[in-house]
Amino acid sequence: MNEDNYLNAGYTLRSWFFTTDHKRIAILYFASLIFFFFIGGAAATLIRIELATPQADLVSSDMYNRLFTMHGVIIVWFFLIPSIPNTLGNFIVPLMIGARDLAFPRLNLLSWYLFMLGGCVTLFAIAAGGIDTGWTFYTPFSTLYSNSYVAVAVTGVFIAGFSSILTGLNFIVTIHRLRAPGLTWYRLPLFLWSLYAPSVILVLATPVLAITLVLIVVERLLGVGFFDPRIGGDPLLFQHLFWFYSHPAVYIMILPGMGVINELISCFSRKAVFGYKFVAWASVAIAALGFLVWGHHMFVSGQSLLASLVFSFMSFVVAVPSAIKVFNWTATLHKGSIRFDAPMLYALAFIGLFTIGGLTGLFLACLAYDVHATDTYFVVAHFHYIMVGGMVTAYFGGLHYWWPKITGRLYSEYWARTAAVLIFFGFNLTFFPQFILGAEGMPRRYHVYPPEFQMWNVLSSGGAVILAAAYLLPLVYLAYSLFFGKRAPANPWDAPGLEWQTPSPPPEFNFETQPVVTRPPYQYTPDFRAEPQNA
Amino acid sequence: MPNRPAFAPQYVSTRHRDETAELGMWVFIATEVLLFGGLILAYCVFRHTYPEAFAAASRRTEIAIGTANTAILLTSSFLVACAVDAFTEETRKICVALLAGAIALGLLFVLLKGVEYAGEYREHLVPGIDFSFDDKFANGAKLFFLFYFVATAIHALHMLIGISLLAVIARLTWRRAPTTRHRAALHSVALYWHFVDAVWIFLFALIYLPGRAS
Amino acid sequence: MRREWIPFWHSGLSPHSGDVDLLFIGLLIVSSLVLGLLFFLMATFCVRYRASNQIDRGHQTAKSWHWEVGWTAASFVGFLALFVWGAEIYFQIYRTPPDELSVFVVAKQWMWKVQHTGGQSEINALHIPVRRSIRLVMASQDVIHSFFIPALRLKHDVVPGRYQDLEIEVEKAGHYHLFCAEYCGTEHSGMTGEIVAMEAPDYAAWLATQTPETPLAQEGGALFRELGCSGCHGTGSKIHAPSLDGLYGRPVPLSDGSTVTADDKYIRDSILLPRSQVAAGYEPLMPSFEGKVSEDQLLRLILYIKSLGGRHP
Ligand code: HEA
Ligand code: HEA
Ligand code: CUA
Ligand SMILES: [Cu+2]
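Just so it is clear, the model here is predicted, and its values are computed rather than measured.

This next bit is on the coordination of the iron atom of ligand 1. All names here are of chain A. The protein gives the iron atom of ligand 1 a lone donor atom, His382 (NE2), placed 2.2 Å from the metal. Separating the iron atom of ligand 1 from the copper ion (ligand 4) is a gap of 4.5 Å. Here His382 shows up in helix α13 (residues 377-407).

Here it is as structure tokens:
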């Protein structure tokens with residue numbers, strides 16, 4: 001371990017809470033996100049335990065509604081959206097592009113404080129009595145009928161939104177301006193393309209969410225508003241505005257995960273990602289087209305049939321670039337020299353689970369089937385396959401991959417693989433039965449349900465318990481590695497990226513000398529040794 | 001560190017730093033455009049649905065104040081643009097004076113806005129608090145005034161932020177010899193101020209003009 | 001019906017549910033093929049090219065755009081087919097229903113209130129005759145609900161402030177679940193009921209046993225007087241207000257020069273937002289009844305106006 005690194009650059013609280021070092025801010029985010037993940041996950045586990053029986057036995061209906069709302073709100077805005085960008089991205093982006101920090105380090109710190117402030121406000125709303133609107137805040141329920149802390153919770157999300165915007169802004173500017181000499185756009189590792197694209201979405205879509213949330217608060221406070229049908233306002237306008245943000249937001253959530261997968265697949269099959277340019281532009285295409293499909297959440301809401309037609313068509317179109325990525329990843333494996341280290345297990349799981357989630361997304365994009373499936377567990381299963389099976393898995397994969405770089409320690413490979421396999425099985429057991437439930441017509445957000453659905457629910461709940469245990473494992477062995485793990489070399493995976501060409505953990509300003517890039521990413525010699533980008 | 005370089009370690013040169021900052025401001029403005037864009041979209045939807053009510057409601061707004069405010073804001077933008085030009089060692093005092101002028105105009109704008117709000121309150125035009133309007137158009141007018149208050153309040157908030165930023169720059173320029181760093185900051189703030197100005201022009205057209213054409 | 005030639009294919013419980021099921025099977029098959037291919041390739045590659053396997057890895061496939069264009073085009077064509085298939089059925093499901101037999105459904109937190117034209121009303125249940133196309137007219141009293149019958153593969157949101165038509169037809173007698181599928185507050189999951197489909201004679205018998213309260217239209221007539229509508233619209237009124245006789249289904253010229261058809265929505269708007277559409281040649285004198293009449297009462301008023309004659313749109 002090199003002696004001068006960012007971790008021992010200071011030990012005071014001040015040196016952490018007022019740091020502008022992107023690496024330390026990444027750690028701050030990481031700690032906060034674990035916290036929010038466990039809160040959101042605990043709510044989910046309670047939901048699943050409650051649903052093991054058809055009647056209400058553990059919690060009241062009001063409590064149940066608060067649980068799934070809290071689960072959705074916390075885990076979407078305070079875990080999944082910031083997950084990869086703000087922890088791995090924050091840490092790795094400057095390293096990958098050979099810069100000493102992000103473009104605006106102080107903005108980066110501000111973004112964390114805003115995030116924490118938003119989180120605290122939301123937690124306060126939950127502690128004070130909770131909020132029961134669902135993460136979608138549909139009007140007029142949220143504005144005129146709900147008796148819960150809607151305004152406070154919405155304020156929390158609003159603040160967190162600004163944190164996202166600042167992060168997105170920082171990434172865009174950094175990737176534009178701070179690339180090392182020789183690092184042209186087509187030499188960027190694909191992880192960066194996959195962070196750039198969602199950053200654009202963050203910057204362009206989040207403000208629409210912000211203004212929509214403001215309108216909710218106004219309507220709650222004044223008792224009249226844009227979405228109030230009694231004065232000729234339109235509840236569907238809210239849905240349009242909300243999904244104009246929230247559909248692109250799902251790509252904010254998945255694109256960084258796809259980016260991580262590129263790094264993992266390439267490193268562990270010792271080959272360049274197949275079809276670099278196609279994969280790179282696919283990210284951009286997903287981000288751009290993603291703005292044109294929001295109406296697919298409203299096929300049964302009463303929007304015009306023509307609008308539905310267009311949105312359905314666009315939903316299929318936006319799936320094409322995802323298909324391109326999946327096929328390119330598979331092609332990357334061909335004639336590689338594949339090693340099955342823990343990160344690779346996560347990556348393979350990602351491809352499988354994401355594809356299942358994506359394909360079921362096509363079921364939903366298919367108009368006639370969505371009439372039946374919308375607002376049932378089919379949708380719940382669809383998005384958990386993508387968000388948990390896909391994105392959370394990718395997050396874990398990336399975390400394991402860069403862990404040696406971040407902490408300078410190696411974790412136990414045995415336990416890491418065990419956890420990966422356990423998560424995979426727990427996950428499928430939890431969410432596959434939900435497809436069947438949905439196809440049979442069980443509506444979502446149901447606290448009590450007809451007894452004939454019980455069998456699949458029990459399976460799902462059982463899976464959730466396994467999954468919860470499986471998610472606890474990494475916490476244990478990663479924490480263990482921090483203190484007792486072996487010291488990590490600079491480049492434990494023998495990978496070519498710039499981030500691996502500096503010691504682990506990196507020094508305070510990342511590189512002793514400014515690296516100069518001479519190669520495209522992902523280059524390996526015929527005997528599968530990495531060719532560093534800067535050598 | 002004993003002799004800190006003039007720019008943070010992630011930049012290559014001061015120029016690099018300043019250009020980076022400017023790009024950052026542009027991206028931020030893109031965000032802001034979408035913020036007002038969502039609101040204006042909602043306005044368009046309802047104006048399309050209730051064209052007459054919107055015209056009637058619009059006629060109740062204070063066009064005199066609105067026009068005065070437009071002139072004030074345009075002038076202040078002009079002053080800021082001049083201040084950017086005058087940002088040199090020799091003309092530093094002028095620059096500060098120009099900024100002070102812009103700040104004063106900005107404050108005047110907010111003040112007039114307050115007067116306008118008070119007038120609307122007296123005329124029972126505040127939805128949800130005290131609203132009464134010709135029955136025929138009451139619903140549409142309510143929506144119009146909702147837009148009016150939300151949009152102008154958010155705009156006024158932007159004004160206040162802009163004023164504070166201008167004040168910070170003016171103070172820095174006053175106290176110390178101008179550095180390129182300050183120039184970059186002034187550039188960014190000026191961009192922001194022009195943006196706030198541009199938003200107002202849109203709001204002006206949407207709020208005061210419908211129903212006044214003939 | 002495309003599905004008829006498929007052996008053993010069930011015909012479905014409603015005219016479209018079989019189509020939707022077939023679409024589902026189609027989607028399943030396509031996805032399984034894609035997934036199967038993908039998993040097969042991944043598994044083969046992982047086994048063949050595992051690091052410990054000494055195998056010839058030379059002649060790596062050149063990254064040619066042929067591959068890219070190939071799978072992009074293949075996915076796109078597949079997607080296009082699925083899109084057209086799904087859209088076609090969707091348009092059939094949501095076509096404008098014929099006005100054969102109307103039933104009114106009012107959703108409110110947390111119950112479904114059903115009103116038959118004969119005056120029978122029921123809660124959280126809907127009795128209908130089989131093999132007859134029925135037009136549901138749905139309205140919500142408060143928040144958004146969603147009318148969902150899984151067995152019929154049918155669902156539509158009920159949004160406050162507007163009427164929603166929905167066609168429903170059941171082929172086989174039986175009891176089917178009715179769910180509220182849009183989250184609507186505390187008892188959302190309790191907002192369930194059942195659809196009881198009956199053979200025509202049974203249905204007639206059922207209707208007869210239901211205490212036929214006064215028919216809805218008649219109640220509407222009473223309301224029409226109680227609320228003072230007749231004061232203006234009645235014959236001999238001093239106020240210049242249009243006669244509502246024969247209004248229903250007729251085109252109505254409006255004062256802004258446009259023309260609308262006097263359907264349920266128009267009448268509803270005339271009562272709640274009279275200023276939004278003023279009939280040509282009349283002063284906008286009519287007061288708004290917003291907040292003064294409930295959705296139930298509105299339905300009755302509309303039925304009454306309908307009963308005054310007119311053609312069906
Ligand atoms: C990260 C999150 C994420 C992602 C990436 C996606 C991706 C997609 N989603 Fe999903 N979705 C959500 C999260 C996500 N979704 C959430 C949270 C909801 C519910 C919100 C709520 O109501 O609470 C939702 C709801 C939702 C709906 C609305 C359902 C309803 O409420 O009625 C629809 C409908 O069209 C949809 C479609 C799609 C499609 C077409 C994609 C596509 O982008 C998927 C593309 C990927 C593939 C298709 C797989 C790979 C492709 C191949 C291997 C090609 C070969 C295939 C063939 C030739 C067939 N999603
Ligand atoms: C964004 C990411 C995300 C993630 C990661 C998850 C993770 C999980 N979700 Fe989530 N879910 C959503 C997003 C997400 N969800 C959204 C947006 C909704 C819609 C909300 C709405 O309708 O408004 C939803 C709704 C939703 C429902 C439907 C509720 C309903 O409609 O009534 C269910 C039910 O099974 C569910 C289950 C789970 C489970 C079991 C997990 C698991 O993967 C979680 C696993 C993690 C842990 C369990 C934490 C670690 C373990 C512990 C802390 C152990 C100790 C805890 C206990 C003993 C209690 N989720
Ligand atoms: Cu009514 Cu849910
Ligand atoms: Cu979507």
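On to the packing of helix α8 (residues 235-269) of chain A against helix α1 (residues 14-49) of chain B. Where α8(A) contacts α1(B), the axes come no closer than 11 Å and their chain directions differ by 155°. Comparing their axes, α1(B) and α8(A) come out roughly antiparallel. At the point where α8(A) passes α1(B), the crossing takes the right-handed sense. Contacts between α8(A) and α1(B) involve Leu237(A), Leu241(A) and Phe244(A) from the former and Leu34(B), Gly38(B), Leu41(B), Ala42(B), Val45(B) and Phe46(B) from the latter. Taken together, the residues that form the contact of α8(A) with α1(B) break down as eight nonpolar, one polar and no charged.

Once that is clear, we can look at the site of ligand 1. As a matter of local geometry, ligand 1 sits amid 33 residues, with Trp135(A), Tyr251(A), Asp370(A), Thr374(A) and His382(A) nearest to it. One chain alone does not account for the residues near ligand 1; they come from chains A and C. A per-element tally of the shell around ligand 1 places helix α11 (residues 342-365) of chain A first, with eight residues. Among the residues making up the shell around ligand 1, the classes are represented as 21 nonpolar, ten polar and two charged.

Residue and element names in this part refer to chain C. For the coordinates displayed, the defined rule picks out 26 salt bridges over all chains. The salt bridge involving Asp296 is made with Lys108; its shortest N-O contact spans 3.8 Å. A residue pair is termed long-range when its members are at least 10 positions apart, and Asp296 in helix α7 (residues 295-307) and Lys108 in strand β1 (residues 101-108) qualify at 188 residues. Accessibility classification places Asp296 together with Lys108 in one group, the buried group. Measuring nitrogen to oxygen at the nearest pair gives 2.7 Å for the salt bridge that ties Lys113 to Asp296.

Turning to the interface of chain A and chain C, a few remarks are in order. Taken together, the contact between chain A and chain C spans 85 residues of the former and 74 residues of the latter. Around 6,800 Å² of area is buried between chain A and chain C when both sides are counted, 72% of it from carbon and sulfur atoms. Counting across the chain A and chain C interface gives one salt bridge. Arg162(C) is paired through a salt bridge with Asp234(A); the nearest N and O atoms lie 3.6 Å apart. Counting across the interface, chain A meets chain C through 21 residue pairs in polar contact (both at pLDDT 80 or more). Where the side of chain A that touches chain C is concerned, the elements lending two or more residues are α3 (61-96), α5 (141-145), α8, α10 (305-333), α11, α12 (367-373) and α14 (413-440) of chain A. Tallying contributions element by element places α10(A) first for the side of chain A that touches chain C, with 17 residues. Looking at the side of chain A that touches chain C residue by residue, the classes come out as 49 nonpolar, 23 polar and 13 charged.

Bringing the coordination of the copper ion (ligand 4) into the picture now. Residues and elements named next belong to chain A. In the first shell of the copper ion (ligand 4), the protein supplies His247 (ND1), His296 (NE2) and His297 (NE2), at 1.8 to 2.1 Å from the metal. Written as a sequence motif, the donor residues of the copper ion (ligand 4) are H-x48-H-H. Residue class for His297 comes out partly exposed when judged on its relative accessible area of 29%.

A word on the sheet that holds strand β2 (residues 111-116) of chain C. All names here are of chain C. Spatial ordering of the open sheet is given by β3-β2-β1-β5-β8, a layout of five strands whose pairing is mixed. Each of the sheet's edge strands pairs with one partner strand only, and the pair in question is β3 (121-123) and β8 (164-168). With strand direction ignored, the average angle separating the axes of adjacent strands in the sheet is 25°. When strand β5 (residues 134-140) meets β8, the two strands line up antiparallel, connected through five bridges. Bridge pairing in β8 places Ile134 opposite Ile168.

Residues and elements named next belong to chain A. Close to ligand 2 lie 33 residues, the nearest being Arg48, Tyr64, His71, His384 and Arg445. One of the side-chain N or O atoms of His71 is found 2.8 Å from a nitrogen atom in ligand 2. Trp135 is positioned such that a nitrogen or oxygen atom in its backbone is 2.8 Å from an oxygen atom of ligand 2. Residue assignment for the shell around ligand 2 shows that the elements contributing at least two residues are α2 (22-50), α3, α13, α14 and α15 (454-484). Top element by residues in the shell around ligand 2 is α2. It accounts for eight residues. Across the shell around ligand 2, the residue classes tally to 23 nonpolar, seven polar and three charged.

Next up on the list: the packing of aromatic side chains. Going through the model one piece at a time under the given rule, you end up with 89 aromatic pairs over all chains. Taking 5.8 Å as the distance between ring centres and 20° as the angle between the ring planes, the aromatic pair formed by Phe238(A) and Phe242(A) counts as stacked. Within this pair, Phe238(A) and its partner Phe242(A) are both found in helix α8, separated by four residues, close to a single helical turn. In this structure Phe242(A) comes out as buried when scored by relative accessible area, which is 1%. Ring geometry for Phe148(C) against Phe179(C): centres 6.2 Å apart, planes inclined by 50°, an arrangement best described as tilted. Taken together, the residues Phe148(C) in strand β6 (residues 145-149) and Phe179(C) in strand β9 (residues 174-180) connect sequence positions 31 residues apart. What makes Phe179(C) buried here is its relative accessible area of 1%. Among the aromatic side chains, those forming a connected cluster through ring pairs are Phe363(A), Tyr369(A), Phe378(A), Tyr385(A), Phe427(A), Phe431(A), Phe432(A), Phe435(A) and Phe24(C). Stacked on the ring of Phe18(A), the Lys or Arg Arg14(A) has its end atom at 5.3 Å from the ring centre. In this arrangement the basic side chain of Lys93(B) is found over the ring face of Trp174(B), its NZ or CZ atom lying 5.4 Å from the centre.

On to the sheet that holds strand β7 (residues 154-158) of chain C, then. Residue and element names in this part refer to chain C. Pairing in this open sheet of five strands is mixed, and the strands run β4-β10-β9-β6-β7 from one edge to the other. Edge positions in the sheet fall to β4 (125-129) and β7, since each has one partner strand and no second. Going across the sheet, the axis of each strand differs from the next one's by a mean of 20°, ignoring polarity. Bridge count between β6 and β7: five bridges; the pairing is antiparallel.

Okay, the environment of Asn86(A) next. Residues and elements named next belong to chain A. Here Asn86 shows up in helix α3. Residues Asn86 and Phe171, 85 residues apart in the sequence, show an inter-C-alpha distance of 10.0 Å. When residues no more than four places from it in sequence are discounted, the contact partners of Asn86 are Ala26, Tyr29 and Thr167.

The rules behind these values
- Residues numbered from 1 in each chain as written.
- Chains lettered and ligands numbered in written order.
- Predicted model: local features only at pLDDT ≥ 70, side-chain atom pairs only at ≥ 80, totals over all residues.
- Heavy atoms only, no water.
- Donors = N, O, S within 2.8 Å, 3.2 Å for Na, K, Ca; no water.
- Helix = DSSP H or I, 4+ residues; strand = E, 2+ residues; numbered from the N terminus.
- Axes fitted to C-alpha atoms, helices over the stretch in contact; angles between N-to-C directions.
- Parallel < 35°, antiparallel > 145°, perpendicular 65-115°, else oblique.
- Left-handed = near helix turned anticlockwise from the far one by under 90°.
- Contact = heavy atoms within 4.5 Å.
- Nonpolar A, V, L, I, M, F, W, Y, C, P; charged D, E, K, R; others polar.
- Near = heavy atom within 4 Å.
- Salt bridge = Lys/Arg side-chain N within 4 Å of Asp/Glu carboxyl O.
- Buried < 20%, exposed > 50% of the residue type's maximum accessible area, 1.4 Å probe, protein only.
- Buried area = accessible area lost by both parts, 1.4 Å probe.
- Polar contact = N/O pair within 3.5 Å; in protein donor to acceptor, adjacent residues only side chain to side chain.
- Pairing = 2+ DSSP bridges.
- Phe/Tyr/Trp six-rings, centres within 6.5 Å; stacked < 30°, edge-to-face > 60°.
- Lys NZ or Arg CZ within 6 Å of the ring centre and 35° of its normal.

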